[in-house]
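# Architecture at a glance
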Amino acid sequence: MNKIAVMFPGQGSQIAGMGKDFYENSAIAREIYDTASNRLGIDMKQLCFYPNECLNLTEYTQAALVTTSLAMARTAEAAGLKADVTAGLSLGEYSAIAFAGGMNDRDAISAVRQRGIFMQEAVPAGEGAMAAVLGMTGEQVEQGISAIENVSIANYNCPGQIVITGAAERIQQAEKVLKEQGAKRIVLLNVSGPFHSPLLKNAETKLNKVLEKIQMHPLRIPYVNNVTAEYITDIMKIQPLLVSQITSSVRWQQSVERMIEDGVDTFVEIGPGKTLTGFLRKINRGVKSYNISTWEELEKTMEILTEE
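Overview of the structure. (Residues numbered from 1 in each chain as written. Predicted model: local features only at pLDDT ≥ 70, side-chain atom pairs only at ≥ 80, totals over all residues. Heavy atoms only, no water.)

### So, the overall build of the protein
Defined as follows: Helix and strand definitions follow DSSP, with helices as H or I runs of at least four residues and strands as E runs of at least two, each counted in order from the N terminus. We compute the radius of gyration from the C-alpha atoms alone; for a globule the expected value is 2.2 Å times N to the 0.38, where N is the number of residues. A simple rule labels every residue: compare its accessible area, found with a 1.4 Å probe on the protein chains alone, to the largest value its type can have, and call it buried under 20%, exposed over 50%, or partly exposed in between. We call two residues in contact whenever any of their non-hydrogen atoms come within 4.5 Å of each other. In this tally Asp and Glu are treated as negative and Lys and Arg as positive; neither His nor the chain ends contributes. One atom stands in for each charge, and that atom is NZ of Lys, CZ of Arg, CG of Asp or CD of Glu.
Helix and strand content of the protein: 13 helices and ten strands. Taken over the C-alpha trace, the protein has a radius of gyration of 18 Å; the compact-globule value for 308 residues is 19 Å, and the two agree within 12%. Considered along the principal axes of its C-alpha atoms, the protein spans approximately 50 × 45 × 40 Å. The burial tally for the protein puts 57% of its 308 residues in the buried class. Expressed as a percentage of contacts within the protein between residues at least 6 apart in sequence, the contacts between residues at least 24 apart total 73%. Both charge centroids of the protein, one from 29 positive and one from 35 negative side chains, sit 2 Å from each other.

Spelled out as structure tokens, the structure:
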């Protein structure tokens, strides 16, 4: 019997047209998109299904991605997908918690709408930056940036890919230092702020007030959180961890390794793109992986999983 983890991507995976085929084919998906539109006062179909300038703005991106991921996930669930554990990269953790039963879909979508606004406003445009460091271990990057103020690790994505975050001018300084110390390549990311940086402390405070008003529910299955890369079964831990996540490193590689240690041998990525599947191949090629980002992939994946 396979032990299955469902995983959800984070910001950066959005693409115009995402979820359109689910809306057209699934009453469950339609209800999630329409409910999100009514609750947020945003035309989710226009935002997600057609090219527009708003989709890549953090204050819109986060709600669009979680709406899309949950529309896909609930449709897959109705088709018979069962998970033993969930996880999500950064923003994707909200989809993971909702899928695990920790909060309802409407609250998850509303929370990330506010989260996106707070993160967008926390640091003025141009003052923060993020960069992917390729070809170094997490320990090497930690050592390389240890003496540089206002620079920290945002993401431990997979072996050989670490993301740093912080003040823009300090990121430039870190880029020079890390190249001198052996980084194969450093790629500046097209983001609107220094996510997962202590510079976003103000956003953390505001998000806490939003999450205080959301009712958390008993988890049907555990999820693995970003901050500690540990299983969460106690709903009292959900809010403080989501708040800490704003300024803490995303321990994605460690999260995947933790699930594999627990016997997970099958991973299903739900949401646009195949970013997490790519990370998974670099973390451990011995596990199986599937994607659900289109209606065709849903049918193909469910056919395979129901046969196993």
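After that view of the structure, there is still more to cover.
### Side note on the pattern of salt bridges
Inclusion rule: Salt bridge criterion: a side-chain nitrogen from Lys or Arg within 4 Å of a carboxyl oxygen from Asp or Glu.
This model, assessed by the stated rule, comprises twelve salt bridges. Between Lys20 and Glu24 there is a salt bridge, with the nearest N and O atoms lying 2.6 Å from each other. You can see Lys20 and its partner Glu24 sitting in helix H1 (residues 20-25), four residues apart, about one turn around the helix. A salt bridge links Arg39 to Asp107, with the shortest nitrogen-to-oxygen separation between them at 3.0 Å. One end of the pair, Arg39, is in helix H2 (residues 27-40); the other, Asp107, is in helix H6 (residues 105-122), and 68 residues separate them in sequence. Within this structure, Arg74, Glu77, Asp105 and Arg220 form a network of salt bridges that share partners.

### So, the sheet that holds strand E4 (residues 151-158)
The strands that make up a sheet are held in pairs by hydrogen bonds between backbone atoms, and each pair lies either parallel or antiparallel. Let me state the cut-off plainly: In this description, strands pair whenever DSSP reports at least two bridges between them. Axis lines are fitted through C-alpha atoms, for helices just across the contact stretch, and the angle between N-to-C directions can take any value from 0 to 180 degrees.
One open sheet holds the four strands; their spatial order is E4-E5-E3-E6, and the pairing between them is antiparallel. Of all the strands in the sheet, just E4 and strand E6 (185-188) have a single pairing partner and so form its edges. Put simply, the sheet's adjacent strands are angled 25 degrees from each other on average, direction ignored. The sheet contact formed by E4 and strand E5 (residues 161-167) spans six bridges and is antiparallel. By the bridge assignment, Cys158 is partnered in E5 with Gln161.

### Topic: the sheet that holds strand E1 (residues 4-8)
Strands sit in the order E8-E7-E2-E1-E9-E10 across an open sheet of six strands; the sheet is mixed. With partners counted over all chains shown, the strands left at the sheet margins are strand E8 (231-232) and strand E10 (288-292), one partner each. The sheet contact formed by strand E2 (residues 85-88) and strand E7 (residues 223-224) spans two bridges and is parallel. Looking across to E7, one finds that Thr86 is bridged to Tyr223.

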